[in-house]
Amino acid sequence: MLPIIEFKNYTFQYRSQKEPTLLDINLAIYPGEKVLIVGPSGSGKSTLAHCVNGMVPFSFAGESSGSLTVSGKDPAKTGIFGMSKTVGTVLQDTDGQFIGLTVAEDVAFALENDCVPQDKMFSLVDEVAEVVDIKTLLHHAPTELSGGQKQRVSMAGVLVDDVDVLLFDEPLANLDPATGKRAIDLIDRIHKEKKKTILIIEHRLEDVLYRDVDRIVVIGEGRVVADCKPDELLATDILVKEGIREPLYVTALKHAGCTLRAEDLPQHIESMKLDRYRERVQAWYEQVALPVAEPAKEPALEVLDLDFSYISGNPILQNIRFCIRKGEMISIVGKNGAGKSTLSNLICGFINPDRGKILLGGSDIADKSIKERGEVIGLVMQNPNQMISKPMIFDEVALGLAVRGVPEEEIKERVYETLKICGLYPFRNWPVSALSFGQKKRVTIASILVMNPQVLILDEPTAGQDYKHYTEIMEFLKELNESYGITIIMITHDMHLMLEYTDRAIVIADGKLIADDTPAHVLTDERIADQAYLKKTSLYDLAVRCGIADAPGFVDRFIYFERQVREHGRQNSDV
Amino acid sequence: MNKKFGVKEVVAIGIGTALFIVLTNVQIPVGFIPNTALQTRAAVLAFFAAVFGPVVGGVVGFLGHALGDALFYGSVWWSWVFPEAVFGVIVGLCAAKYKIKEGSFGGKEIAMFNVVQAIGNAAAWIVVAPILDIVIYAEPANKVFTQGATACVLNIVIIGILGTLLLVAYSKVGAKSGSLSKED
Amino acid sequence: MAGRILTYEEKDTWIHRLGGATKMIFFLLWSITGMLTYDTRVLLVMLAVSLVIFKVSKTEWRQVGTVFLFILFFLCLNLLAVFIFSPNQGTEVYGTKTVLVTLFGEHNITKEQLFYEFNILLKYFTVTPVVLMFIVTTNPSEFAASLNKLGISYNIGYAIAIALRYVPDVQADFTKIKHAQEARGIEMSSKTSLWERMRKMSMIIFPLLFSSMDRIDVVSNAMELRGFGKHKKRTWYMEKKLTKSDYLTIGFVVVFMVAALCVTFADGSRFYNPF
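Residues numbered from 1 in each chain as written. Chains lettered and ligands numbered in written order. Predicted model: local features only at pLDDT ≥ 70, side-chain atom pairs only at ≥ 80, totals over all residues. Heavy atoms only, no water.

(A) Just the interface of chain B and chain C, in detail. Counting residues at the interface gives 61 residues for chain B and 63 residues for chain C. Summed over both partners, the interface of chain B with chain C comes to about 5500 Å²; 80% of that surface belongs to carbon and sulfur atoms. Where chain B meets chain C, there are 1 salt bridge. Lys-8 of chain B is paired through a salt bridge with Asp-217 of chain C; the nearest N and O atoms lie 2.7 Å apart. There are 10 residue pairs in polar contact (both at pLDDT 80 or more) connecting chain B and chain C. Looking at the side of chain B that touches chain C, the elements with two or more residues in it are helix H1 (7-22), strand S1 (27-29), helix H2 (40-52), helix H3 (54-73), helix H5 (107-137) and helix H6 (141-173) of chain B. (Contact = heavy atoms within 4.5 Å. Buried area = accessible area lost by both parts, 1.4 Å probe. Salt bridge = Lys/Arg side-chain N within 4 Å of Asp/Glu carboxyl O. Polar contact = N/O pair within 3.5 Å; in protein donor to acceptor, adjacent residues only side chain to side chain. Helix = DSSP H or I, 4+ residues; strand = E, 2+ residues; numbered from the N terminus.)

Spelled out as structure tokens, the structure:
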């Protein structure tokens, strides 16, 4: 069989860059295969995708050598329009890809551009709407849809063209865990029913492996580092070396001193052969200690019986009550639209509660203005581009002080100090635009930190970040929390973040607080996980399958052990 | 000209118009003159015209004003819609000369942009708008010229300040990072 | 803020069933007629017809009430301004001067001025119900398709569709950005100087504008990947075929326009002079 996509000694360099982004790529993908492409940001995995759909070199100019054929065609000659008949691309940004005013129009978009007659469009749209299960939504506007639904509309929009290859660019980036699981399921169904060739570009390996993939291609610094079956890959340490997160149960097995073998099928924890490993895991569980509980400190932020609704009779939040103590680092979790953002809007004073109180350091803040609250509670938005309002880094960080009339000398001193804390001091005279996404995020955190807030609220601090940048941002926040005693609240649906960095998770589902417990408990409780659109951690399955009765205890131990390993690593690298 | 009108320009018109519509009632009250306000949307129109050229500028002005008025106020005052398009076209005509994408929107270009925007505003609000008001609605000349002159001055002010600030910042975004070095 | 904007509402009346192109033609010819004529008789008939249309479209006060009051307020201000600037405009137009109330200096209330200003009011009011009706009864998706049918380039038609598609997103972004900046201490209070207010406004517009520039890149890539602009023509999922009532409506407005203009200009002037 001939490959449908074939790179031969392919090298590509963007016009604006000094070094090639892809180097001597040799890769063959056969019709009907389902291939996962992983790699850290900047590794060239997205460029690889752009080469396949013709965005390179038409939208992103550059020079290439070697050869690339897709379905017998050269994308660089066929053009974006020509390739769109063969390769359907589902972009990461579901809002950007949703162009139509309603679902039906968006699905029909490619057909409209091909001058397909209207009655034929109706039947084609109905057909693919059935496939991705959006038939009841056809006349809805994008604002009425959830992220997962928008993504299914995007899939329908490319399926309608009857393409041979489906290319998914980070399909999980904006979805909560349960919705992500459904997306992977749907991709798998399309793969099987429609016999398409599927390419998934993603760094959330464990989530993609929820359903079988034929091969995993690892890209590192522009080269193909590995190209093998998932079971084989998980038995190596390539992932760790390339800075990609392994599935948690794999990490746990390694902590327990196990060496994984491909023949034990580690791709899925549910079906993995654990006989060789069970005893070691049990022994490890017995031996690892649990942290000593620290005495509870005084409350920093208390939310008492909060109710809120935009339209009366249609409550967004009901009876929310919790307490966050000084120096805690906690997460607020729940599916999109559950009311998490509403809660942070209430705390910051953008909207006012119908009932209930918010206490800060013991006193009611009901009569405090947004600005006054902003001095003690800092809010960091998800997208740094929506926060940065000055072209220069120094000015951006100084902004909050400048509008409060702080003397210039003091501004300079405090800004420099904050920039040092955030590791941005060497860039102080740079324009913000010269920074990477992660660095911009730091700038937005610095611009809040400069006001010395007691509490920091971050909305999805690590969304769209690969493992390396995720760790960088989270370690930085941890340091702020530990060294400066700042209370940190993170609104997230990243289960890793919850597990690894927070001591407590407040779970909100359908406007109600359904749990306020350790992440280990939340993520091992099926009922809570289901209601909040989370998903049980694979550590739970590992514990159960290894005959450990106290699964939450196992997860707790794993987290504690991990933290010590990271701590150790950090100390070593500091020397 | 024709070749340059691609997908990107279509989207720029769409998003530009959306911004213009949303900013329709984001105004800065002048304070000392009642019922007059600086229109932030004018600065955004000038920005789009200066970055994307006369076609995008003209169409965003026309559609933005017509749709914005229709959606917010339920009426379309054609005598004020056309001048908005005229303004967008005039500012856009010299788009290449501002060198915004090259990252060198400096002193000379700023002066140039402001001269052009002042001419554009004068043409739109002191010439086209009052004439249309007289022709269509037979309104008194002294009233419509006073109105037009006020709008002209207010727009020159907000575009001169806010528009220039936005363009300077956007131009810097395109600046090369190669010339930067870390400091200790 | 979002609550005030006029929006399409799905209903089943024959006006809703008319094609967007038909309503667009009607709206344009109606506006042009309204702009050209100053004949009180014609304007009164137009007002009557537009009120009937308004009624037939089952538009409810709740949908347009706030906007309607706003227009009324604005028009009153405008009428007042006309009087202040030019109290004798009516006399100039109609050639006579019948003083009703003496105020001060030039500013006497004359019959002619009142009649002239009454005509301005009528002129606005003949068009307003039609605009309101157009917005609340025309599906925005179909609107873009209908423009293309009228011979306007599909690029422009689609640009409008994109504008309408992203207005809610841009509005949500604006609110989010404004809140975050307020928390940082950027308040839009009227106490500060004009310059300060502008500087602060720039801090909200700046992130909004630049994230919109990013969005332009994403959206145009997405459209290109799905073949936008491939051919000289395109079809529209939401297009409506013209029916008999569409042709009747277009016929009616054309005949009406011709008749209205004949009546208006029969005496060589666009004004109707009762004096």
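(B) Focus on the packing of aromatic side chains. Scanning the entire structure with this criterion turns up 46 aromatic pairs over all chains. Judged by centre distance (5.3 Å) and plane angle (80 degrees), the rings of Trp-284 of chain A and Phe-561 of chain A are edge-to-face. One end of the pair, Trp-284 of chain A, is in helix H13 (residues 278-287); the other, Phe-561 of chain A, is in helix H24 (residues 551-574), and 277 residues separate them in sequence. The exposure class assigned to Trp-284 of chain A is buried, which follows from its relative accessible area of 3%. Exposure remark for Phe-561 of chain A: the relative accessible area of 22% places this residue in the partly exposed category. On the basis of an interplanar angle of 40 degrees and a centroid distance of 6.3 Å, the ring pair of Phe-47 of chain B and Phe-210 of chain C is categorised as tilted. Separated into two different chains, Phe-47 of chain B in helix H2 and Phe-210 of chain C in helix H9 (residues 194-225) make up a pair that spans both. In this pair, the class of Phe-47 of chain B matches that of Phe-210 of chain C, namely buried. Taken together, Phe-47, Phe-48, Phe-52 and Tyr-170 of chain B together with Phe-206 and Phe-210 of chain C form an aromatic cluster joined through their ring pairs. Note that Arg-442 of chain A overlies the ring of Phe-476 of chain A, its terminal NZ or CZ placed 4.7 Å from the centroid. Its guanidinium or amino end placed over the ring of Tyr-166 of chain C, Arg-165 of chain C lies 4.2 Å from that ring's centre, counting from NZ or CZ. (Phe/Tyr/Trp six-rings, centres within 6.5 Å; stacked < 30°, edge-to-face > 60°. Buried < 20%, exposed > 50% of the residue type's maximum accessible area, 1.4 Å probe, protein only. Lys NZ or Arg CZ within 6 Å of the ring centre and 35° of its normal.)

(C) Structural detail: the pattern of salt bridges. Under the definition given, this model contains 53 salt bridges over all chains. The salt bridge partner of Asp-95 of chain A is Lys-150 of chain A, with a shortest N-O separation of 3.1 Å. One end of the pair, Asp-95 of chain A, is in helix H4 (residues 94-97); the other, Lys-150 of chain A, is in helix H7 (residues 147-159), and 55 residues separate them in sequence. The partner of Lys-241 of chain A in a salt bridge is Asp-237 of chain A, with the nearest N and O atoms 3.9 Å apart. On the basis of relative accessible area, Lys-241 of chain A is assigned to the exposed category, the value being 68%. Put simply, Asp-95 and Lys-150 of chain A together with Arg-165, Asp-169, Asp-173 and Arg-215 of chain C are held in one network by salt bridges that share partners.

(D) Region of the structure containing H5 of chain B. Here H5 of chain B spans 43 Å end to end across 31 residues, near enough to the 45 Å set by a 1.5 Å rise per residue. Along its length, H5 of chain B reaches its greatest deviation from straightness, about 30 degrees, at Val-128 of chain B, and the proline Pro-130 of chain B lies no more than four positions downstream. (Expected span 1.5 Å × (residues − 1). Bend = angle between axes of the 7 residues up to and from the residue.)

(E) Spotlight on unusual backbone geometry. Residue and element names in this part refer to chain A. Here the bond from Val-56 into Pro-57 is cis, since omega is 5 degrees, no more than 30 degrees from zero. One can find Pro-57 in helix H2 (residues 55-58). The phi dihedral of Asn-452 is positive, around 55 degrees, even though this residue is not glycine. Overall, the relative accessible area of 56% leaves Asn-452 in the exposed class.

(F) Here's a closer look at the packing of H2 of chain B against H6 of chain B. Residue and element names in this part refer to chain B. Interhelical geometry of H2 versus H6 gives an angle of 50 degrees and a closest axis separation of 8 Å. One way to sum up the angle between H2 and H6 is to call them oblique. Where H2 crosses over H6, the handedness of that crossing is right-handed. Note on element contacts: H6 touches H2 through Asn-155, Ile-158, Ile-159, Leu-162, Gly-163, Leu-166, Leu-167 and Tyr-170, opposite Thr-40, Ala-42, Ala-43, Ala-46, Phe-47, Ala-50 and Val-51. Partitioned by chemical class, the residues of the contact of H2 with H6 number 12 nonpolar, 3 polar and no charged. (Axes fitted to C-alpha atoms, helices over the stretch in contact; angles between N-to-C directions. Parallel < 35°, antiparallel > 145°, perpendicular 65-115°, else oblique. Left-handed = near helix turned anticlockwise from the far one by under 90°. Nonpolar A, V, L, I, M, F, W, Y, C, P; charged D, E, K, R; others polar.)

(G) Representation of a negative patch on the surface in the model. Residue and element names in this part refer to chain A. Side chains of Glu-408, Glu-409, Glu-413 and Glu-417 sit close together on the surface and give a patch of like negative charge. Along the chain, the position of Glu-408 falls in helix H17 (residues 408-421). With a relative accessible area of 70%, Glu-408 lands in the exposed category. (Patch = residues over 30% accessible without salt bridge, like charges linked within 9 Å, V, L, I, M, F, W, Y side chains within 5 Å. Areas by Shrake-Rupley, 256 points an atom, 1.4 Å probe, with all protein chains shown as cover. Lys, Arg positive; Asp, Glu negative; His and termini not counted. Charge placed at Lys NZ, Arg CZ, Asp CG, Glu CD.)

(H) Expanded view of the sheet that holds strand S1 (residues 5-14) of chain A. Residue and element names in this part refer to chain A. Taken together, 3 strands build an open sheet; the order of strands is S2-S1-S4 and the sheet is antiparallel. Across the chains shown, the open sheet's two edge strands, defined by having one partner strand only, are strand S2 (22-29) and strand S4 (62-70). Along the sheet, successive strands turn relative to each other by an average axial angle of 20 degrees, direction set aside. The sheet contact formed by S1 and S2 spans 5 bridges and is antiparallel. For Phe-7, the partnering residue across the bridge sits in S2 and is Leu-27. (Pairing = 2+ DSSP bridges.)

(I) Structural view of the environment of Asp-217 of chain C. Position of Asp-217 of chain C relative to the elements: it lies in helix H9. Sequence separation of Asp-217 of chain C and Leu-75 of chain C is 142 residues, and the distance between their C-alpha atoms is 41 Å.

(J) Summary view of the sheet that holds strand S9 (residues 223-228) of chain A. Residue and element names in this part refer to chain A. Across the sheet, 6 strands lie side by side as S5-S6-S7-S3-S8-S9; this open sheet has mixed pairing. Strand pairing shows two members of the sheet lacking a second neighbour, strand S5 (87-90) and S9, which therefore form its edges. Averaged over all pairs of adjacent strands, the angle between their axes in this sheet comes to 20 degrees, without regard to strand direction. Inspection of the sheet shows S5 paired to strand S6 (residues 165-169) by 4 bridges, in the parallel sense. In the sheet register, Thr-89 faces S6, and the bridge partner there is Leu-167.

(K) Seen up close, the environment of Glu-106 of chain C. Residue and element names in this part refer to chain C. As for its placement among the helices and strands, Glu-106 is situated in the loop between strand S1 (99-104) and strand S2 (107-110). Here Glu-106 falls in the exposed class, since its relative accessible area comes to 52%. Residues Glu-106 and Thr-91, spaced 15 residues apart in sequence, show a C-alpha to C-alpha distance of 12 Å. Other than its neighbours up to four places away in sequence, Glu-106 contacts Pro-87 and Asn-88.

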